Amino acid sequence: MPFLIIALTANVLCGCYHDRTPSRFQLKDTLVVADTMTQEELDSISFAHEHHYSRNFNFIVRADSIALLNQQPEEIVSGMQTDSFMVPKNTRMVVADIRVMPHTENLTDSVWVQVATEGYEFGWIHESELLKGVDPDDPISQFISTFSDSHTLVFLVIISLIAVGYLLRKQLRHNAKIVHFNDIASFYPTLLAVNVAFSATLYASIQMFMPEMWREFYFHPSLNPFSQPFLLGVFLASVWSMLIVGIAVIDDTRRYLGFSDAFLYLSGLAAVCAFNYIIFSVSTLYYVGYLLFIAYVWFAIRLYFKNTPALYTCGKCGTKLNQKGTCPVCGAMNV
């Protein structure tokens, strides 16, 4: 049954791709016809390549509110009086115009962006102030922003530590099933825990060594691993495999345990996976995560084969066997 689920899910995922705005990687093909473009078009392509967005790009306000100025950037930098209006949270906006003013006093932020709200209000704002308070209007981008938020990470750390400690204590005292230590006779839970650790390590590595590639993905996300650069595609494939293996885990747990024991086992597995994500995504930023990951894979596989109960018994000598076939003790064939 798990293999059928994996096969069906893999076929469905082959068509998962949605791209509303040309990405940085697609823009490379546009540069081939640069000779036929105007200077304004070339500047627009160059800006989109460096900043990952351009005119007509959609944002949604993530902060409690952001302030937009009614006046033109030239009036603002000249010291003229200005007035502004506030745009509340969850308001959708579209980029109407972009101006680069390198001779302003604020040399660190010479880019001004004019945005139009869904209420047909227009206003200008510094790019740095805009990006602090908005997300791309895409559910994947918004999920990345929420999941990467420092407050969310702290919350996950606290909840994971409490959950892991409580479940380990409860399950070990009652000799209940728990991944790694008193596991069920299925490799899928161990595989899921290792997969989460691998994905967290790769996620931190991409952010550390290829931040621009991750930034491009944040502005132009896709669920199709085959449409992305290699490492990013591997990361997306590992995320999809977590979903597929997770379905197999639930199916196997349902077969081996009753409802209450299965719920407790899956809760413990979820806590271990959350703990793995936090540990490996943070430790990799300090280069310790790579050694920890190698040690964890060895630890998880070793414990699985050591503690997982044998499924079969030799019909001749009674030796416990993990699979059917020739008994390593007496040589009898078990079928």
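Above this text you will find the structure in question.
Residues numbered from 1 in each chain as written. Predicted model: local features only at pLDDT ≥ 70, side-chain atom pairs only at ≥ 80, totals over all residues. Heavy atoms only, no water.

So, on to the layout of surface pockets. By volume, the largest pocket is sized at about 680 Å³. Put simply, the parts of the chain that give the lining of the largest pocket at least two residues each are α6 (139–148), α7 (150–173), α8 (188–209), α9 (211–219), α10 (230–256) and α11 (259–283). With 6 residues, the top contributor of residues to the lining of the largest pocket is α10. Here the lining of the largest pocket is composed, by residue class, of 21 nonpolar, 3 polar and no charged. The calculated volume of the second largest pocket comes to roughly 250 Å³. Forming the boundary of the second largest pocket are Ile-144, Ser-145, Ser-148, Gln-207, Pro-211, Trp-214, Arg-215 and Tyr-218. Among the elements of the structure, α6 and α9 are those that each provide at least two residues to the lining of the second largest pocket. At 4 residues, the largest contribution of residues to the lining of the second largest pocket is made by α9. Among the residues forming the lining of the second largest pocket, the class breakdown is 4 nonpolar, 3 polar and 1 charged. (1 Å grid on protein atoms, 1.4 Å probe; cavity = no way out; pocket = protein on both sides within 12 Å on 5 of 7 lines; lining within 4 Å. Points joined across faces, edges and corners; volume = space filled by probe spheres on them. Helix = DSSP H or I, 4+ residues; strand = E, 2+ residues; numbered from the N terminus. Nonpolar A, V, L, I, M, F, W, Y, C, P; charged D, E, K, R; others polar.)

The subject of this paragraph is the pairing of strand β5 (residues 111–117). β5 sits mainly inside the fold: 7 of its 7 residues count as buried. Residues Val-111, Val-113, Val-115 and Thr-117 point to one face of β5 and Trp-112, Gln-114 and Ala-116 to the other, with burial holding for every one of them. As paired elements, strand β4 (residues 92–100) and β5 share 7 bridges and run antiparallel to each other. Residue pairing across strands places Val-100 opposite Val-111, the latter belonging to β5. Here β5 pairs with strand β6 (residues 122–126) via 5 bridges, running antiparallel. (Buried < 20%, exposed > 50% of the residue type's maximum accessible area, 1.4 Å probe, protein only. Pairing = 2+ DSSP bridges.)

Before going further, it helps to examine α6. Regarding α6, the residues found buried are Ser-141, Ile-144 and Ser-145. When α6 is viewed along its axis, its buried side chains cluster within an angular range of 95 degrees and face the same direction. Opposite the buried face of α6, at more than 90 degrees from it, the exposed residues are Pro-139 and Phe-143. Each element contacted by the buried residues of α6 is listed here: β7 (134–136) and α9. Two or three places before Ile-140, at the start of α6, stands the capping residue Asp-138, its side-chain oxygen 2.9 Å from that residue's backbone nitrogen. (Arc of directions from axis to C-beta. Contact = heavy atoms within 4.5 Å. Polar contact = N/O pair within 3.5 Å; in protein donor to acceptor, adjacent residues only side chain to side chain.)

This paragraph deals with the pairing of strand β1 (residues 58–61). Two strands pair when backbone bridges link them, and β1 and β4 are joined in this way by 3 bridges, in the antiparallel orientation. Looking at β4, one finds that Ile-60 is bridged to Arg-92.

With a phi angle near 75 degrees, Asn-56 is a residue other than glycine that sits in the positive phi range. Positive phi, normally seen in glycine, also occurs at Asn-90, with a value near 70 degrees. Positionally, Asn-90 belongs in the loop between β3 (84–88) and β4.

Now for the nonpolar core. Residues Tyr-53, Met-93 and Leu-130 are the most contacted members of the largest nonpolar core, which totals 54 residues. Ranked by residue count, the leading element in this core is α8, at 10 residues. For Leu-130, the residues in contact, after removing those within four places along its chain, are Phe-59, Ile-66, Met-93, Val-113, Val-115 and Ile-125. Leu-69, Ile-76, Met-101 and Trp-124 belong to the second largest nonpolar core, which has 5 residues in total. (Core = buried A, V, L, I, M, F, W, Y, C linked by side-chain atoms within 4.5 Å.)

With that settled, consider the packing of aromatic side chains. Scanning the entire structure with this criterion turns up 20 aromatic pairs. With 5.8 Å between their ring centres and 75 degrees between their planes, Trp-214 and Phe-235 make a pair best called edge-to-face. With Trp-214 in helix α9 and Phe-235 in helix α10, this pair connects stretches of sequence that are 21 residues apart. On the basis of relative accessible area, Trp-214 is assigned to the buried category, the value being 9%. A relative accessible area of 10% places Phe-235 in the buried class. Chaining the aromatic ring pairs together yields one cluster made of Phe-47, Tyr-53, Phe-57, Phe-59, Tyr-218 and Phe-219. Lying over the aromatic face of Tyr-256, Arg-255 brings its terminal NZ or CZ to 5.4 Å of the ring centre. (Phe/Tyr/Trp six-rings, centres within 6.5 Å; stacked < 30°, edge-to-face > 60°. Lys NZ or Arg CZ within 6 Å of the ring centre and 35° of its normal.)

As a further point, take a nonpolar patch on the surface. On the surface, Phe-275, Ile-279, Val-282, Leu-285, Tyr-286, Val-288 and Leu-292 cluster together to form a nonpolar patch covering roughly 580 Å² of accessible area. If you tally residues by element for the nonpolar patch, the top one is α11, at 3 residues. When you line up the elements, Tyr-286 lands in the loop between α11 and α12 (289–307). Of the residues examined, Tyr-286 reaches a relative accessible area of 61% and is grouped as exposed. (Patch = residues over 30% accessible without salt bridge, like charges linked within 9 Å, V, L, I, M, F, W, Y side chains within 5 Å. Areas by Shrake-Rupley, 256 points an atom, 1.4 Å probe, with all protein chains shown as cover. Salt bridge = Lys/Arg side-chain N within 4 Å of Asp/Glu carboxyl O.)

It is worth spelling out the environment of Met-333 at this point. You can see Met-333 is positioned in strand β11 (residues 333–334). Note: C-alpha distance between Met-333 and Cys-314 (19 residues apart in sequence) is 8.3 Å. Not counting residues up to four positions away in its chain, the partners in contact with Met-333 are Gly-325 and Thr-326.

Attention now moves to the side chain of Asp-137. Within the secondary structure, Asp-137 is located in the loop between β7 and α6. Given a relative accessible area of 13%, Asp-137 falls into the buried group. One polar contact links Asp-137 to Arg-92, side chain to side chain, over a distance of 3.0 Å.

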